[in-house]
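Descriptive structure summary
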Amino acid sequence: MLNIAVFISGGGTNLQAIIDAVKENKINGKIELVFSNRKNAYGLVRAKNENIDTFYLNKKEFSSNEKYDERLIEELEKRNIDLIVLAGYLNILSSKLISKYSKKIINIHPSLIPSFCGMGFHGENVHKAVIKSGVKFTGATTHFVDENVDTGAIILQDIVPVFIDDDFEIVAKRVLDVEHRILVKTIKAFCENKIVFKENRAFIVGE
């Protein structure tokens, strides 16, 4: 059973999907820590309701992103974390943390990477850009985290349609349902050692 840390910045609906999947024995892992860079993130309440350890760090108290992550790494090491899941975590990880947990950090992004991703594309910004572009499909992506934004190896993607009368909030809700599903499926595969690499591409095998 692997030890999982989930990083959040907001409401934590993806976190809740992971919590539920663990409770239903769909994931061979345990959430050892929920970390947030925002003190009032509701995801911390979700974690406390399930007696999961929580941790918050105020970025303003650190001189650099690297110092911030060094303190965070101390907490991760205490708990022997095997997998980090970024579930709506709105902060750029330092190269030190990414290097230490290479191929052990998974992110969920609310679009079909490489579309609508990179710096500035988070939250409602993504869905507003989708509506404005006129694309007929969008979706969600799970991927490994590397030292650039949203460029790590893609693991899973799924699509949703965009209809003529949709606004960004409708699209966001539709995409969120997909996020929950593919994030749980990705974590399950990681915990079962079913993710393999071919060059810079990642695939789930043995399904």
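Residues numbered from 1 in each chain as written. Predicted model: local features only at pLDDT ≥ 70, side-chain atom pairs only at ≥ 80, totals over all residues. Heavy atoms only, no water.

The name given to the protein chain in an unreviewed UniProt entry is Phosphoribosylglycinamide formyltransferase, and the organism recorded there is Parvimonas parva. Regarding the protein chain, the UniProt comment filed under Function (unreviewed entry) reads as follows: "Catalyzes the transfer of a formyl group from 10-formyltetrahydrofolate to 5-phospho-ribosyl-glycinamide (GAR), producing 5-phospho-ribosyl-N-formylglycinamide (FGAR) and tetrahydrofolate." The heading Pathway (unreviewed entry) in the UniProt record of the protein chain holds the text "Purine metabolism; IMP biosynthesis via de novo pathway; N(2)-formyl-N(1)-(5-phospho-D-ribosyl)glycinamide from N(1)-(5-phospho-D-ribosyl)glycinamide (10-formyl THF route): step 1/1." (UniProt positions renumbered as here; feature names shortened; annotations may be inferred.)

To continue, consider the overall build of the protein chain. Per the secondary structure count, the protein chain includes six helices and nine strands. In summary, the protein chain has a C-alpha radius of gyration of 16 Å against a globular reference of 17 Å for 207 residues, a match within 12%. Summarising its shape, the C-alpha atoms of the protein chain cover approximately 50 × 45 × 35 Å along the three principal directions. For the protein chain, long-range pairs separated by at least 24 residues make up 63% of all intrachain contacts whose partners lie at least 6 apart in sequence. Summed over its atoms, the accessible surface of the protein chain is roughly 10600 Å², and 49% of this surface lies on carbon and sulfur atoms. For the protein chain, the distance from the average site of its 28 positive side-chain charges to the average site of its 27 negative ones is 1 Å. (Helix = DSSP H or I, 4+ residues; strand = E, 2+ residues; numbered from the N terminus. Rg over C-alpha atoms; globule rule 2.2 N^0.38 Å. Contact = heavy atoms within 4.5 Å. Areas by Shrake-Rupley, 256 points an atom, 1.4 Å probe, with all protein chains shown as cover. Lys, Arg positive; Asp, Glu negative; His and termini not counted. Charge placed at Lys NZ, Arg CZ, Asp CG, Glu CD.)

Glancing now at the UniProt feature "domain: Formyl transferase N-terminal" (unreviewed entry) in the protein chain. Per the UniProt record, "domain: Formyl transferase N-terminal" (unreviewed entry) is found at residues 3-187. Summarising residues 3-187: 37% helix, 23% strand, and an end-to-end C-alpha distance of 11 Å.

A word on the side chain of His 143. With respect to the helices and strands, His 143 occurs in strand β6 (residues 137-144). When sequence neighbours within four positions are dropped, the list of residues in contact with His 143 reads Ile 105, Ile 106, Asn 107, Ile 113, Asp 150, Gly 152, Ala 153, Ile 154 and Ile 155.

Let us look at helix α1 (residues 13-23). Most of α1 is tucked away, with eight of its eleven residues classed as buried. Of all the residues in α1, the buried ones are Asn 14, Leu 15, Gln 16, Ala 17, Ile 18, Ile 19, Ala 21 and Val 22. Residues of α1 that are buried sit in contact with β1 (2-8), β2 (29-36), α2 (42-49), β4 (83-86), β5 (105-109) and α6 (168-191). Positive backbone phi, approximately 60 degrees, marks Asn 25, located one or two places after α1. (Buried < 20%, exposed > 50% of the residue type's maximum accessible area, 1.4 Å probe, protein only.)

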